[in-house]
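Here is what each chain is made of, one letter per residue.
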Amino acid sequence: MKSKQITLRYIFFDVLSAMTAWALLFVFRKIGLENYGWNELSQIFSDTNFWSGVLLIPIGWLCLYTIQGTYKNVLRKSRLKEAQDTVIATLIGVVVLFFAIMLDDEVGTYRNYYLSAIFLFFVHLALTYTCRVIQTSHIVRKVHQRLIGFPTLLIGSHNKAYQTYLDLENQEKYSGNIFVGFVSVDCNETVQPLDNEKRLAAIMPCLGTTENIKALIEQHHIEEVIIAVEDNEQAQIQQILRTLDGCGEVIIKITPDARDIILGMVRVDSIFHSPLITINTRLMPEWQYSVKRIADVILSLLALIVLSPVFLITAILVKCSSPGPIFFAQERIGYMGKPFKMHKFRSMYVDAESCGPALSRDDDPRITPFGRFMRKVRLDEIPQFYNVLKGTMSIVGYRPERQFYIDQIVKRCPEYLLLQRIKPGITSWGQVKYGYASSVDEMCERLKYDLLYLENMSLATDIKILIYTVGIIFQGRGK
């Protein structure tokens, strides 16, 4: 059963539920509140408001569910979490319908509005959740029956790894982990394998060591990684997690010890499943990611439209200030380590890097006089709104760098790779607090501010960074 097919099924029944709830609300309002007779049903169904609502209202519900993240990871849904999300979405949707979209031009009594709102809330909730819980229960049952599973990589090769495998395979209700193999934390191939490692190797193939985790995840389409290392291997967990940070939306779980359980770090989805610590790789709630992307698109379009006169004048001045193209495109490394072309207004002379990559600095002779002005007020960044529209960048993120400099930064500060969990941005906490870096040392210094952004990532933080960025632009404090 494919994930896309199941997602389409969820969407179909959500649309059907929304249409049915609206139709029942319309009938309830006309017959229950406005004293229409049952013999006047044909008149109700000939009302254009009825049919426009049946066709258009479900689109609004789908937008709300998409922002909420309802259709992501449909094979891993929890019925309890499904109920919670459905209640929240229904409450928000009903509030929007009754306070932003007035159902009638004239209001008889506010009591009718309250009754209509309550009716729609409970009917919509009942229909939507009933359809969802039936589908979710069907999927959960197929997972327990081992008809649906998730390719899983086991990291570890000794007693704890072997025991973790046995626990997961023998638990009362199967959790869906299909082990494609394990990787050894011990890089010393001359060491003779212990008994449990031999037993593990007899069950599943040894795919290598932790050095090639990323390639294995891509090769075997791994959806879940379980880290089960011995106490004397704990020091390598941070390095393993840093590697996994660049592997997309892979679910990461770690076997707990008694201390973790006492400290309350262990959360399980079912009382029948083995206890594992799930590492949360999502930096914000799903709805905030959706709102951030929507805001990126809207603000970028507005910026390109409103700033079009500035765009045109800047393009002319760039062309007149020095020979060469108006725009400058350079390969940078972005989300999940994928390269992309970043666009800017050209602020340097042509062939400025004919002797190799070099960072800009104060009084850099490669920068044109107009280019120096552009950098101070960030005019050179305007074309990057095109990158935001394409989805390769965000308005707020971190400063994307070239692979040439990333290789140097990672040697000193390997935590730089954590930034690739998010899209790079036109502006960033590091840009606001530190500005452009003229050396690798300064890049590493600026890095701490971008890492702070990761730890405090939210829509509110983005707004603060944008406000400070606007201040820098108007004060000409860029460099």
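This structure is a prediction, so every number in the text was calculated from the model and none was measured. (Residues numbered from 1 in each chain as written. Predicted model: local features only at pLDDT ≥ 70, side-chain atom pairs only at ≥ 80, totals over all residues. Heavy atoms only, no water.)

## Comments concerning the sheet that holds strand β1 (residues 150-155)
Spatially, 6 strands are ordered β3-β2-β1-β4-β5-β6 in an open sheet, and the strand pairing comes out mixed. The sheet is open, and its two borders are formed by β3 (206-209) and β6 (277-279), each paired with just one other strand. Taken over all neighbouring pairs, the strand axes of this sheet differ in orientation by 30 degrees on average, direction set aside. Sheet topology note: the strand β5 (residues 251-254)/β6 ladder contains 3 bridges and is antiparallel. (Pairing = 2+ DSSP bridges. Helix = DSSP H or I, 4+ residues; strand = E, 2+ residues; numbered from the N terminus. Axes fitted to C-alpha atoms, helices over the stretch in contact; angles between N-to-C directions.)

## Examining the packing of helix α3 (residues 48-68) against helix α11 (residues 286-306)
The relative placement of two packed helices comes down to the angle between their axes together with the axis-to-axis distance. Where α3 contacts α11, the two axes come as close as 6 Å, and the packing angle between them is 110 degrees. The angle between α3 and α11 falls in the class roughly perpendicular. Contacts from Thr 66, Ile 67 and Gln 68 in α3 reach Glu 286, Trp 287, Ser 290, Val 291 and Ile 294 in α11. (Parallel < 35°, antiparallel > 145°, perpendicular 65-115°, else oblique. Contact = heavy atoms within 4.5 Å.)

## A few points about the packing of aromatic side chains
Inspection of every chain in the model, using the stated rule, returns 14 aromatic pairs. With a centroid separation of 5.2 Å and 80 degrees between ring planes, the pair formed by Phe 12 and Phe 13 is classed as edge-to-face. Here Phe 50 and Trp 51 contribute two aromatic rings whose centre-to-centre distance is 4.9 Å and whose plane-to-plane angle is 85 degrees, an arrangement assigned as edge-to-face. Taking relative accessible area as the criterion, Trp 51 reaches 43% and is therefore assigned partly exposed. (Phe/Tyr/Trp six-rings, centres within 6.5 Å; stacked < 30°, edge-to-face > 60°. Buried < 20%, exposed > 50% of the residue type's maximum accessible area, 1.4 Å probe, protein only.)

## What about α11?
With 21 residues, α11 extends 30 Å between its outermost C-alpha atoms, agreeing within 8% with the 30 Å of an ideal straight helix rising 1.5 Å per residue. Those residues of α11 that sit buried are Gln 288, Tyr 289, Ser 290, Lys 292, Asp 296, Ser 300 and Ala 303. Those residues of α11 hidden inside the fold are in contact with α3, α12 (308-321), α14 (384-390), β9 (394-397), α17 (440-455) and α18 (459-475). (Expected span 1.5 Å × (residues − 1).)

## A look at the environment of Thr 210
Assignment of secondary structure puts Thr 210 in the loop between β3 and α8 (213-220). Classification of Thr 210 by relative accessible area gives buried; the value is 12%. Taking the C-alpha atoms as reference points, Thr 210 and Ile 155, 55 residues apart in sequence, are found 7.6 Å from one another. When neighbours within four sequence positions are excluded, Thr 210 is seen to be in contact with Ile 155, Val 183, Ser 184, Val 185 and Ile 240.

## A closer look at α12
Spacing of three or four residues puts side chains on the same side of an α-helix, whose turn is 3.6 residues. The first and last C-alpha atoms of α12 sit 20 Å apart over 14 residues, in line with the 20 Å expected at 1.5 Å per residue. Looking only at α12, the buried set comprises Thr 314, Ala 315 and Val 318. Across the axial projection of α12, the buried residues extend over an arc of 105 degrees, all falling on one side. Within α12, the exposed residues directed more than 90 degrees away from the buried face are Leu 312, Ile 313 and Cys 320. Check the buried side of α12 and you find it contacts β8 (339-345) and α13 (369-377). (Arc of directions from axis to C-beta.)

## Regarding the nonpolar core
In terms of nonpolar packing, the biggest core is built from 41 residues, with Ile 409, Tyr 416 and Leu 419 touching the most fellow members. Ranked by residue count, the leading element in this core is α17, at 7 residues. Ignoring any residue separated from it by four or fewer positions in sequence, one finds Ile 409 in contact with Pro 414, Tyr 416, Val 440, Met 443 and Cys 444. With 34 residues, the next largest nonpolar core counts Trp 22, Tyr 65, Val 94 and Phe 98 among its residues. (Core = buried A, V, L, I, M, F, W, Y, C linked by side-chain atoms within 4.5 Å.)

By themselves, these observations are geometric and do not establish any function.
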